[in-house]
Amino acid sequence: MDIKLKIKTMVETTRDIPAMPQIWIKIREMTQHLNISATMIANEILKDQGMTSRILKAANSATYAGYNQKIATVTNAIVLLGFNEVRNIIVGLAVFNMLEKLKSNKRFNFKEFWLHSLATGVAARMLAEHVQYKNIEEAFVAGLLHDVGKLVVSQLMPKEYDEVMLRIENGMDDLSAENEVFHADHQVIGQWLAERWHLPDVLIRACSLHHRDGMEKRQKSRFRIVDIVSIANDMAHLIFSSDKSDRNQNAHQCQTKALSLLTISKDNWSRIVRNLAENVRKEIDEYNLSESDFESLLTTFEDDDQETHQTEKLYQEMNHELNERVQELSVLNDFSAALLAVETLEQVQNLLLESIYKGIAFNRVLFFTPEKKGFLVVSAGFGADVSKLIGNTSLEIEKKGVIVNCFFEQKVTNVLNAASHLFSEVIAQQELNILRCASFACVPLTANEKTLGVIVVDNHISSDPVPDQRLSAVVTFCNQASLVLKRLVKSS
Ligand SMILES: [Fe+2]
Ligand SMILES: [Fe+2]
């Protein structure tokens, strides 16, 4: 007998392949009837605890529960999801259990296969969500199932499957290797199995066509699932590929394919790939698979992921910094313009403090001036809790400390981790009580060599020092104010 026919007969008849569970058969039959009600299906589902929780979870997921309403009953969940999607969830669980039962073959790297299938399912679900495919769970199951032909044939014909593995190890692609040995590839073998299990047509198509890119132009909607699974399959290969140069080239091809088949932009495609690893991990938890089993496989893409994240973080930080500078310059510009119109010292001080607060984004900006004899008083400020401090908080000049020192010596001071300076006499306890911040900096405001007051900017709970760049921006603002203050001090 021709080997292809032999495999087909085996797939169709052998008892080595587990049958689909009763609940699937029942639900499949029920949903084929037009007059079936959600309650009748719910009653069936409620008999299976795992099934019940999956259905409720899907109905309460962000995709379906688009409004702030909790779906608490299976009947409501079925109404919301629709019969099709309910069937998909059930078939997904059933297929999952069957794949588990098939795993005992030694020759086959089941873990790798399983992780690839799961990643393809998760990627298909993400793509389906993005392109607003009508049945999200259907896409997941299609992805989960797409390579089932490989698993089956490795079980049914272990010796011959070794031949296939040998060819693949020597550089042949899997479809050619399978065709050489079996005169059939895993797509058609998967199709036979899906047919035996009476799976929906859409899943049969996903199994039988997922490697046929750019086939004759087909009915778009009918084959959308094939495009989704085909791209999801590439994505799953991509994140587990350990060869970086290979990966870059494949990433480009895969992204081009996503654009042409599903019109997914480059940015969206990258976002989906980036989130894929995390979502696979969640799915592993969902099925109570042991993560340690997949650890070595998962790290392959995590390494790369971290690298991408780091680069991205760096760009984000640079961008953030740049935006801060732009903001500073724009506020400084407005500040300079506004200074031309001010007429009193108080107006300059207030304008200065407000500009520093808005332009350089500190948690608090305080102004200490010698308003009472022997004391520096908080006379103005912006930010958290400042109103409580203004007018009734003062530092005794006698007791010294950083702020007093800054006032008399006109010295810009950056205090890192204020509390740790507590006993070094650099910072007075009184200052700590007033500021209650971990790090701060003081800048003297001067005019004609006379100190008018001290500006204190505070990093609040952060024990990092005020960054040099931000501190020098404060100094720039103060210098600008000094020019006007010189004129006003002279005339007062
Ligand atoms: Fe495949
Ligand atoms: Fe695959």
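Thresholds, definitions, all that
- Residues numbered from 1 in each chain as written.
- Chains lettered and ligands numbered in written order.
- Predicted model: local features only at pLDDT ≥ 70, side-chain atom pairs only at ≥ 80, totals over all residues.
- Helix = DSSP H or I, 4+ residues; strand = E, 2+ residues; numbered from the N terminus.
- Buried ≥ 20, exposed ≤ 12 C-beta atoms within 10 Å, placed from the backbone.
- Contact = placed C-beta atoms within 7 Å.
- Pairing = 2+ DSSP bridges.
- Core = buried A, V, L, I, M, F, W, Y, C linked by C-beta atoms within 7 Å.
- Axes fitted to C-alpha atoms, helices over the stretch in contact; angles between N-to-C directions.
- pLDDT = per-residue confidence, 0-100.
- Parallel < 35°, antiparallel > 145°, perpendicular 65-115°, else oblique.
- Left-handed = near helix turned anticlockwise from the far one by under 90°.
- Nonpolar A, V, L, I, M, F, W, Y, C, P; charged D, E, K, R; others polar.

### Some remarks on the overall build of the protein
Now for step 1: Counting secondary structure elements, the protein contains 21 helices and six strands.
Now for step 2: Within the span of the protein, comprising 492 residues, buried residues form 36% of the whole.
Now for step 3: By sequence separation, contacts in the protein at least 24 residues apart represent 61% of the contacts at least 6 residues apart.

### Focus: helix α8 (residues 148-156)
Now for step 1: The buried count for α8 comes to seven of nine residues, which makes it a mostly enclosed element.
Now for step 2: For α8, the full list of buried residues reads Val148, Gly149, Lys150, Leu151, Val152, Val153 and Ser154.

### Topic: unusual backbone geometry
Now for step 1: A positive phi angle, near 45 degrees, is found at Thr263, a position not held by glycine.
Now for step 2: You can see Thr263 is positioned in the loop between α14 (244-262) and α15 (266-286).
Now for step 3: With 9 C-beta atoms counted inside 10 Å, the residue Thr263 sits in the exposed group.
Now for step 4: Even without glycine at this site, Gln410 takes up a positive phi of about 50 degrees.
Now for step 5: Here Gln410 is to be found in the loop between α19 (402-409) and β4 (413-415).

### Points about the pairing of strand β2 (residues 375-383)
Now for step 1: In the sheet, strand β1 (residues 364-372) pairs with β2 via seven bridges, with the strands oriented antiparallel. Note on β2: the bridge partner recorded for Thr369 is Val377.
Now for step 2: Counted between consecutive antiparallel strands, the loop separating β1 from β2 contains two residues, among which Gly374 sits at a positive phi close to 75 degrees.
Now for step 3: Bridge count for β2 against strand β3 (residues 394-396) is three bridges, and the pairing is antiparallel. Residue pairing in the sheet places Val377 in a bridge with Ser394 of β3.

### Here's the deal with the nonpolar core
Now for step 1: In this structure, Ala123, Ala124, Leu127, Met235 and Leu276 are the most contacted members of the largest nonpolar core, which totals 81 residues.
Now for step 2: Ranked by the residues each element gives to this core, the list is headed by helix α5 (residues 74-101), at 13 residues.
Now for step 3: Residues in contact with Ala123, not counting those within four places in the same chain, are Gly143, Ala232, Met235, Ala236 and Leu276.

### A closer look at the sheet that holds strand β6 (residues 450-458)
Now for step 1: The antiparallel open sheet is built from six strands, whose spatial order is β3-β2-β1-β6-β5-β4. If you trace the sheet from one side to the other, it starts and ends with β3 and β4, each paired once. Put simply, the sheet's adjacent strands are angled 25 degrees from each other on average, direction ignored.
Now for step 2: As paired elements, β4 and strand β5 (residues 440-447) share three bridges and run antiparallel to each other. Its bridge partner being in β5, Val415 is matched across the sheet by Phe440.

### A short note on the pairing of β5
Now for step 1: Across the eight residues of β5, six count as buried, placing the element largely inside the fold.
Now for step 2: Of the strand pairs in this sheet, β5 and β6 are connected by eight bridges, and their pairing is antiparallel. The residue of β6 that forms the bridge with Pro444 is Val454.
Now for step 3: Here β5 folds back onto β6, and the loop between the two strands holds two residues, one of which, Asn448, carries a positive phi near 50 degrees.

### Some points on the confidence of the model for the protein
Now for step 1: Put simply, the protein has an average pLDDT of 81, and 84% of its residues get 70 or more.
Now for step 2: Mean pLDDT values over the elements of the protein span from 65, in helix α16 (residues 291-339), up to 95, in helix α10 (residues 174-182).

### What to know about helix α12 (residues 201-209)
Now for step 1: In terms of burial, α12 is a largely internal element, seven of the nine residues being buried.
Now for step 2: Regarding α12, the residues found buried are Leu203, Ile204, Arg205, Ala206, Cys207, Ser208 and Leu209.

### Describing the environment of Val122
Now for step 1: Within the secondary structure, Val122 sits in helix α6 (residues 110-130).
Now for step 2: Owing to 27 C-beta atoms within 10 Å, Val122 belongs among the buried residues under this scheme.
Now for step 3: Contacts of Val122, omitting those with residues within four sequence positions, involve Leu276, Asn279, Val280 and Glu283.

### Re the packing of helix α2 (residues 22-32) against α5
Now for step 1: α5 packs onto α2 with a crossing angle of 165 degrees between their chain directions and a minimal axis gap of 10 Å. Put simply, α2 runs roughly antiparallel to α5. Every pair of crossing elements has a handedness; the one defined by α2 and α5 is left-handed. Two secondary-structure elements touch here, α2 through Ile23, Trp24, Ile27, Arg28 and Thr31 and α5 through Phe83, Arg87, Ile90, Val91 and Ala94.
Now for step 2: For the contact of α2 with α5, the class distribution of residues is seven nonpolar, one polar and two charged.

### What about the environment of His186?
Now for step 1: Among the structural elements, His186 can be located in helix α11 (residues 186-196).
Now for step 2: Looking at His186, the number of C-beta atoms within 10 Å reads 25, which means it is buried.
Now for step 3: Sequence-wise, His186 and Val152 are 34 residues apart; in three dimensions their C-alpha atoms are separated by 8.7 Å.
Now for step 4: Not counting the four nearest positions on each side in its chain, His186 is found in contact with Asp147, Gly149, Lys150, Val153 and Glu178.

### With respect to the packing of α8 against α11
Now for step 1: Here α8 crosses α11 at 85 degrees, and the two axes come no closer than 7 Å. One way to sum up the angle between α8 and α11 is to call them roughly perpendicular. Two secondary-structure elements touch here, α8 through Val148, Gly149, Lys150, Val152 and Val153 and α11 through His186, Gln187, Ile189, Gly190 and Leu193.
Now for step 2: For the contact of α8 with α11, the class distribution of residues is five nonpolar, four polar and one charged.

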